[in-house]
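Chain and residue survey
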Amino acid sequence: MKNRRLSTGGRIDRSRPLSFKFGRRAYTGFAGDTVASALLANGVDVIGRSFKRHRPRGLLSLGIEEPNAVLNIGRGRNGQPNRIASEVPLTSGLEAWPTRGWPSPQFDLAAILGTWPAPLAAGFYYKTFMGPGLPRALLGGRDAWNGLWEPVLRRMAGQGTAPDGIDPDAYEHMNIYVDVAVVGAGLAGLAAADTAALGGASVAIVERDTVPGGRTLSAARQPMIDGRSADAWASDTFAAVASNPGAYALLRTTAFGLYDQGYLAAVELPSDGKTAGRIWHIRARKIVLATGVMERPMVFPGNDRPGVMLAGAMESAIARYAVKPGDRAVIFANHRGLDGLEAAFADADIHVAARVVIDEAVTGVQASRGRLLSVDIAPVRGGAPDMTQRRRVSADIMATSGGWTPALQLHVMTGGRQRWDETLGCFLADGSGQDGILIAGAAAGKFTASSALADGVTKGADAAGIEAGIVPPVQDFARPPEGQGIPIAAMTNGNARKRAFVDMQHDVTVADLELAAREGFTAIEHAKRYTTAGMATDQGRTAQVATAAVVAAATGRTIGDVGVSGLRPPVTPVPFGALGGRRVGPLFDLVRKTPTHARQEALGAVFEDVGQWKRARYYPRRGESMRDAVARECAAVRAKAGALDVSTLGKIDVQGPDAVEFMNRIYTNRMDTLKPGRCRYGLMLKDDGMVFDDGVVARITADHYHLTTTSGNAAAVMDWLEDWLQTEWPHLRVRLTSVTEQWAGVAVAGPDARRIVSQLAPEADLSNEALPHLAWIDAEISTGQARIYRVSFSGEMGFEINVPWRQGQALWDAVTAAGAVPYGTEAMHVLRAEKGFIVVGHETDGTVTPHDLGMGWIVSAKKADFIGKRGLARPALIAKGRKQLVGLEPEDASVVLDEGAQIIADPDALPPALMLGHVTSSYWSEAMGRGIAMALVKDGAEQHGERLWAWSLGQAHPVRVRDTVFYDAEGAQMHG
Amino acid sequence: MAEAATNWSPFGDRGRDLPMTRAGTTIAIAETPAAFVLQGDCRDESYYKAAEDVLGLALPKLVGEISRSETCRAFWLGPDMSLLLAPATQAVEISQKLAVLTARFLHASFVETTETRAWVTLEGPSARQTLMKLTARDLRDNAFPIGACVGALLGPLHALIERVGEDAYLIAGPTSSAEFLATMMRDALAFA
């Protein structure tokens, strides 16, 4: 490798050498380098292999638009895929890995694909991988695509390696509000921010680079602004903006998404590897997009060869990074604004072997081991190269420039459109998009330093709502590429078009786009999807205009008519860790705990998540399996008494003179006939007639109810009730209040339950006469005031004691001290299944009616209306063939069916077998001494006594269909 | 009705880590006030006036508003919905007053919600910065002056945030998530 570092110049700190590795080789760079510039300085020409054809690729640019140098930074759990080498500041000890190329990017066995271009043309996957028609048995039961091709292609393709462990880096989020947010700290952005700040606006300015200044940082000849060099002016102005109260001036921060109502998202990735990264959520009244431009490459055969770089990147390599990219150059451009490049080449003593501008075209290149050797040049006559006049020029580098494209990704994300400007030869914002978003500087087509600065002042003043101030005097040294043409070289040879790359990150060529057009994909969005042009992580930054130009030429339209495709956030890859922020580890998801949680932990409970609640699932004793523990807990409830924490049940207080009417409309059964002091089980439907939730309703007074919901559905039910009240029935005088966490609850169930509750509430009359099943009382208990509901979800005599939340632990202590055995949610499920009680979410899935559940008895025929009444009357919901809830007994009593097992009539039927239904709940029942299950089965009510099969994971078990109540059908236990 | 205090804390083990101070900013557990949700049609002038007479404060009508009497505060929770807060020792008295008030108006009702929230204070020079990590609410002086209160998402939690001083906030989150609230706020204060 050749050392290409110049002995002087650049913005690097030669006093701070930094060691790093690329692949397995060690290199040295300097502070101020990026990984890209350091590799260039070390003579690393081939940085990776291309996506489809595995062609050798080097650096095209030194900016965010870079399509080729997408690397893995770090390894293992420290690994970061999809990092753009030109955006990663060099740090000591950094490890970078090529994305593709085995055994190395320089020598890649898969490069054979690059010699075989025809089959890899556009639509190749769609056309090719439908076959061969191999028996599915040979493909693991899958079709050819899923069983054969996709696994192979997944190994070959991809954009790097995902980290193999938890991200050790820490990130946080920050929310800020400002009057004006400015994206980009180039000349226009700085002028806008400074003007707005001077006008009294609070300002945030975000810049992805490590220093402010934008393109001037890479200029071989600095413009002079207000008597200073542009970079000095930029540095001073940035500091001035930052010094304003309430200002945010953020470097290394990339705005990656712009959303509705002035919401801008940016990611800050510090370069020192020590401090945290940060997502900035910026809300601003006005947003100035001073996002600059990106240079377009010329499209010609072999334009992807290492050594072919953008003109601006070459200038930057020399002026900013003190790297001499080569010795002998060809310049190929469609405009004449290359003064800066010429100056840089002169500074670095690079010989310009040929200048191919406008009247000539590059028709091919020769390369060896990935490095450029020579360039073929021909004059263009009548729109085609005259190959008879072709000449060959030796060169080791080529600087190309197909003009500049304003960076309007954020504008497009807000719904803004673009129009083709013939004069400037680029797409500009057309004035559409959201209010409050201003585009300034080069992004608005103001390509000179003086015009960009003036535009920044104007837009900054607009954003702040003030008069524009004085524009500092500017002295430009370089011409911009105004009058730039279409960046497609003239080509005649069909094969040449297959080597002329439009989208380098996805290996899309001119020939691919022309093929897409011939096959009818003429709309830009269709051509994009068919060829994948613009669909890589760079979203086709360097490809957009060329793609439009090729499609335009192929379909006889103009570039403006074809347009460019849409863009979505993020503008550039953002680490998942940054998006997650501090929502990792114990903060990953909200955790809700009941007041007895510490007691459950002390008992060794195994918890399960129910919604966001932690609920004790079972309490294994030493040596007990889950099945053993659950069987023991169930037996304790059936024989004596158990205690279950039911604090998680949703609870809603309903009050008002129209509460009765409201409750009657919400539930399928009547709530007007419910007397104060009594409870009733209720079912809620959605308006389509499907079961939504269930629970117990207690009537407190004539116009006051207390209802419970399922634990996981409490918020949804509250929303549902408020929705109806506020939008459909605002005339009903009803007030709802969530009281879920006002009341902690413990269920005491079992033959011994009354004795235990009496022990806590010695003054209360808990007899069947005073407190029958489905009644409630307020009572003084040993822990304080309580409300006791006589309800049962176990089939045994049951009491649910509610106390103020902070008394919950004391209640639990009192109940267990009185002899109730703790049982968890798993035992609860077994007990309720033995009784045939449903659980919403088990026996229902949004497609199940009360009649399907055999619960027609709860649907009132007398009520004028309730939510779901008309839905239930639909013919399809009362027709034969619906799945209905049944009980199942496996013929082998020791079998516990898999929940979700499919019910079939014939275990020998070849797939696809006719599915009659599925198992909704299945448990080992200690009380019944066998496995029991419930299932939704087609016409299940008529199948009682029939023999069916439950199939799961390759095993079919014969089952007998029966009713759903396995235990105490008369209810003697429950009613005491 | 609020019951006598027990030793149990909704902050669980995390409660032992509080108060926590970093660079002069402190997170601490605050006392739990008696709390009642009062709902009623504030367009009914007679109700509005009666509430003022009974409670000694005008019910807030706009988002972010707080009304105060000597011992009681009323937060705006929603249209026609206020959260009344008072020292725990006055729970019975407030409850009785509310019962009298709501008995006179068919559209009015109240529910005690003392148990539903756990409270912390955040005070110190980086208090606002800490909250900015957790909520998308605008906390600048002009949008959130001293004395204002908002319901907001604090991380994933529905919380009430009251600005009680230049660099001081009172925060209430769901009781069941008090441990999570404490963990999250300690993390936000300590991180970076």
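Up top is the structure these notes are about.
Note that the structure is a prediction, hence the values are computed from the model and not measured.

Here we take up the overall build of chain A. Counting secondary structure elements, chain A contains 25 helices and 50 strands. In terms of its C-alpha atoms, chain A occupies a principal-axis envelope of roughly 110 × 70 × 55 Å. Nonlocal contacts in chain A, meaning residues at least 24 apart in sequence, comprise 67% of its contacts between residues at least 6 apart.

Here the focus is the sheet that holds strand β36 (residues 679–685) of chain A. Residues and elements named next belong to chain A. Taking strand neighbours across the sheet as the criterion, the five strands line up as β36-β37-β38-β35-β39 in an open arrangement whose pairing is antiparallel. The sheet is open, and its two edges are formed by β36 and β39 (735–738), each paired on a single side. Mean inter-strand twist for the sheet, computed between neighbouring axes without regard to direction, equals 30°. Both strand β37 (residues 691–701) and strand β38 (residues 704–709) contribute to a ladder of four bridges, which runs antiparallel. Its bridge partner lying in β38, A698 is registered against H706. Contacts between helix α18 (residues 659–666) and the sheet are confined to β35 (650–655), β36, β37 and β38, with β35 contributing the most and set at about 135° to the helix. Set on the sheet, helix α19 (residues 714–728) makes contact with β35, β37, β38 and β39; between it and β39 the angle comes to about 165°.

Before going further, it helps to examine the environment of A516(A). With respect to the helices and strands, A516(A) occurs in helix α11 (residues 510–518). Taking the C-alpha atoms as reference points, A516(A) and L289(A), separated by 227 residues in sequence, lie 34 Å from one another.

A word on the pairing of strand β20 (residues 360–368) of chain A. Residue and element names in this part refer to chain A. One ladder, built from eight bridges, connects β20 with strand β21 (residues 371–381); its direction is antiparallel. Looking across to β21, one finds that V362 is bridged to I377. Linking two consecutive strands that pair antiparallel, namely β20 and β21, is a turn of two residues; a positive phi of about 50° is found at R369 within it.

Before going further, it helps to examine the interface of chain A and chain B. Listed as interface residues are 39 residues of chain A and, on the opposing side, 35 residues of chain B. Secondary structure elements with two or more residues in the side of chain A that touches chain B: β8 (171–183), α16 (597–602), β35, β39, β42 (784–790) and α21 (808–817) of chain A. Per-element tally for the side of chain A that touches chain B: the top contributor is β8(A), with six residues. Within the side of chain A that touches chain B, the residues separate by chemical class into 16 nonpolar, 14 polar and nine charged.

The next subject is the pairing of strand β15 (residues 277–289) of chain A. Residue and element names in this part refer to chain A. By the criterion of burial, β15 is predominantly enclosed, with ten of the 13 residues buried. Pairing of strand β14 (residues 263–268) with β15, which is carried by six bridges, proceeds in the antiparallel orientation. In the sheet register, L264 faces β15, and the bridge partner there is I282. In terms of strand pairing, β15 meets strand β28 (residues 437–439) through three bridges, oriented parallel. Counterpart to V288 in the pairing with β28 is L438.

What follows is about the packing of α11(A) against helix α13 (residues 544–555) of chain A. Residues and elements named next belong to chain A. At a minimum axis separation of 9 Å, α11 and α13 run at an interaxial angle of 45°. If you check the angle between α11 and α13, you find them oblique. For the crossing formed where α11 meets α13, the hand is right-handed. Residues V510, L513, E514 and A517 of α11 lie in contact with α13, whose contacting residues are T547, V550, V551, A554 and T555. Here the residues of the contact of α11 with α13 sort into six nonpolar, two polar and one charged.

Below, the discussion takes up helix α4 (residues 178–190) of chain B. All names here are of chain B. Between its first and last C-alpha atoms α4 spans 18 Å; for 13 residues at 1.5 Å apiece the expected length is 18 Å, and the two agree. The buried count for α4 comes to ten of 13 residues, which makes it a mostly enclosed element. Burial in α4 covers these residues: A178, E179, F180, L181, A182, T183, M184, M185, A188 and L189. The secondary structure elements touched by the buried residues of α4 are β1 (20–22), β2 (25–29), β8 (117–123), α3 (127–132), β10 (157–165) and β11 (168–174).

In a beta sheet, neighbouring strands are held together by backbone hydrogen bonds and run either parallel or antiparallel to one another. All names here are of chain A. Strands sit in the order β17-β24-β18-β19 across an open sheet of four strands; the sheet is parallel. Whereas interior strands pair on both sides, the edge strands pair on one side only; in this sheet they are β17 (308–310) and β19 (351–357). Shown here is a sheet whose adjacent strand axes are inclined to one another by a mean of 25°, direction ignored. As paired elements, strand β18 (residues 328–333) and strand β24 (residues 397–401) share five bridges and run parallel to each other. Looking at β24, one finds that V330 is bridged to M398. Its contacts with the sheet put helix α6 (residues 311–319) on β17, β18 and β24, and the angle it makes with β17 is roughly 85°.

Definitions and limits used
Each chain has its residues counted from 1, running along the sequence as written. All chains are assigned letters beginning at A, and all ligands numbers beginning at 1, according to the order in which they are written. Residue-level local features of this predicted model are given only where pLDDT is at least 70; pairs of side-chain atoms are given and counted only at 80 or more, and the full residue set underlies all totals for whole chains, interfaces and linings. Working definition: helices are DSSP H or I runs of at least four residues, strands are E runs of at least two. Numbering for both runs from the N terminus. Contacts here follow a simple rule: the backbone-placed C-beta atoms of the two residues must lie within 7 Å. In short, DSSP must find at least two bridges between two strands for them to pair. All axes here are fitted lines through C-alpha atoms, helices being fitted over the stretch that makes contact, and every angle between N-to-C directions spans 0 to 180 degrees. Each residue is assigned to one of three groups, with Ala, Val, Leu, Ile, Met, Phe, Trp, Tyr, Cys and Pro labelled nonpolar, Asp, Glu, Lys and Arg labelled charged, and all others, Gly among them, labelled polar. With C-beta atoms placed from the backbone, the exposure class of a residue follows from how many other C-beta atoms lie within 10 Å of its own: 20 or more, buried; 12 or fewer, exposed; in between, partly exposed. By the definition adopted for this analysis, an angle is roughly parallel if under 35 degrees, roughly antiparallel if over 145, roughly perpendicular if from 65 to 115, and oblique otherwise. Handedness of a crossing is defined here by the sense of rotation of the near helix relative to the far one, left-handed for an anticlockwise turn of less than a right angle and right-handed for a clockwise turn. The length a helix should cover is 1.5 Å for every residue beyond the first.

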